[in-house]
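What follows is the residue order along each chain.
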Amino acid sequence: MEIQIQSSLQRLHMPGMAMCWKTITETHQTDKLSLTDGLEMLLQSELDNRQNNKIERLIKNASFRQRATIEELELSESRGINESIANRLATGEYLKNGATIVISGPTGTGKSFLATALGERACRQGYKVRYYTVQRLFDELKLARLEGHELKFFEKTEQLDLLIIDDFGMKKLEGQQQNDFEQIIDDRYHKKSLILASQLAVADWYSIFSSEMLAEACLDRVVHKSIRIELKGISLRKKY
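Residues numbered from 1 in each chain as written. Predicted model: local features only at pLDDT ≥ 70, side-chain atom pairs only at ≥ 80, totals over all residues. Heavy atoms only, no water.

Asker: Please set out the packing of aromatic side chains residue by residue, giving values where relevant.
Answerer: Following the criterion strictly, the structure yields 6 aromatic pairs and no others. Relative to Phe181, the ring of Phe168 lies with its centre 5.1 Å away and its plane at 15 degrees, an arrangement referred to as stacked. Of the two residues, Phe168 is situated in the loop between β3 (162-166) and α9 (176-188) and Phe181 in helix α9; the sequence distance between them amounts to 13 residues. Residue classification places Phe181 among the buried positions, given a relative accessible area of 0%. (Phe/Tyr/Trp six-rings, centres within 6.5 Å; stacked < 30°, edge-to-face > 60°. Helix = DSSP H or I, 4+ residues; strand = E, 2+ residues; numbered from the N terminus. Buried < 20%, exposed > 50% of the residue type's maximum accessible area, 1.4 Å probe, protein only.)

Asker: Just give me the short version of helix α2 (residues 15-26), but keep the residues and values in it.
Answerer: For the α-helix, the turn length of 3.6 residues means that residues three or four positions removed from each other point alike. An ideal rise of 1.5 Å per residue puts 16 Å on 12 residues; α2 measures up with 16 Å between its terminal C-alpha atoms. All of the buried residues in α2 are Gly16, Met17, Ala18, Cys20, Trp21, Ile24 and Thr25. Phi turns positive, to about 55 degrees, at His28, one or two residues after α2. (Expected span 1.5 Å × (residues − 1).)

Asker: Requested: an account of the pairing of strand β5 (residues 227-230), with residues and values cited.
Answerer: Burial along β5 is one-sided: the face carrying Ile227 and Ile229 is buried and the face carrying Arg228 and Glu230 is not. When strand β1 (residues 100-104) meets β5, the two strands line up parallel, connected through 4 bridges. The residue of β5 that forms the bridge with Ile103 is Ile229. (Pairing = 2+ DSSP bridges.)

Asker: Give me the lowdown on unusual backbone geometry, citing residues and values where you can.
Answerer: One non-glycine residue, Asp167, adopts positive backbone phi at about 60 degrees. One can find Asp167 in the loop between β3 and α9. Given the relative accessible area of 22%, Asp167 is considered partly exposed.

Asker: Can you tell me about the environment of Lys111, naming the residues and giving the values?
Answerer: Within the secondary structure, Lys111 is located in helix α6 (residues 111-124). Since its relative accessible area comes to 9%, Lys111 is described here as buried. Along the primary structure Lys111 and Leu151 are separated by 40 residues, whereas in three dimensions their C-alpha atoms are 30 Å apart. Residues contacting Lys111, with those up to four places away along its chain left out, are Ile103, Ser104, Gly105, Pro106, Ala197, Ser198, Gln199 and Leu231. One polar contact links the side chain of Lys111 to the main-chain carbonyl oxygen of Pro106, over a distance of 2.8 Å. (Contact = heavy atoms within 4.5 Å. Polar contact = N/O pair within 3.5 Å; in protein donor to acceptor, adjacent residues only side chain to side chain.)

Asker: An account of the confidence of the model for the chain is requested, with residue identities and associated values reported.
Answerer: For the chain, mean pLDDT is 89; residues scoring 70 or higher make up 97% of the total. Mean pLDDT per element in the chain: helix α11 (residues 236-239) is the minimum at 56, and β3 is the maximum at 98. (pLDDT = per-residue confidence, 0-100.)

Asker: An account of the packing of helix α7 (residues 134-146) against α9 is requested, with residue identities and associated values reported.
Answerer: Running from amino to carboxyl end, α7 crosses α9 at an angle of 100 degrees, the nearest separation of the two axes being 11 Å. For the element pair α7 / α9, the angle class is roughly perpendicular. Counted together, Leu137, Phe138, Leu141 and Arg145 of α7 and Gln176, Gln177, Asp180, Phe181 and Ile184 of α9 form the full contact between these two elements. Of the residues in the contact of α7 with α9, the class split is 5 nonpolar, 2 polar and 2 charged. (Axes fitted to C-alpha atoms, helices over the stretch in contact; angles between N-to-C directions. Parallel < 35°, antiparallel > 145°, perpendicular 65-115°, else oblique. Nonpolar A, V, L, I, M, F, W, Y, C, P; charged D, E, K, R; others polar.)

Asker: Which residues make up the packing of helix α3 (residues 35-62) against α6, and what values go with them?
Answerer: Between α3 and α6, whose axes approach to 8 Å, the crossing angle comes to 145 degrees. In this structure, the crossing between α3 and α6 has a hand that is right-handed. When α3 is examined against α6, the residues Gln51, Ile55, Leu58, Ile59 and Ala62 are found in contact with a partner set consisting of Glu120, Cys123 and Arg124. Per-class residue counts for the contact of α3 with α6 are 5 nonpolar, 1 polar and 2 charged. (Left-handed = near helix turned anticlockwise from the far one by under 90°.)

Quick look at the structure:
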């Protein structure tokens, strides 16, 4: 009977309950648990399993290029991010407000790691996240445009709870790229969160654009009321 119940739960696509039932039978608890207690254990196991699977799926779909967590951050005033700031961001409150986070600093100071850690925490909180380098973002958009799917690309990007764009400013935005970036920013303004990571100081971002008008339109939305983190110190790549 125990094996038959486990098999039925698996056929009903309830692996969490099936695993819990197997544990209950193997530890000879079937006669010790009340119906209510046993059912509560089975349901909680299934809920936990589904939540874990959802988180794994969100992290996979985010396409992070490295693994990073909030707990692994090196926090200190000397590095530009202290425990108070990290704890505040870890709550995910900025996601509810659709806030923008700007992370700047020299090469090797941990900009990508911090952006990824915040994205990973957002996934664990149930938010849809996508990580891009600025190069990959425009490569995928260029391909979508060639296939006639650019509107779908913009719609999909707009639906993300958190969009992370890394290496911003590594190359100058030319022609259509400026308009595309402006649309992405405009779609998210005060609605969905954005993290921009760049080696350039914010004051130098105007040089990224060819059009002064588009630079003004984009940066006014990005910089206005954004949460700014300026990382500093020796390169972590040299340290480790």
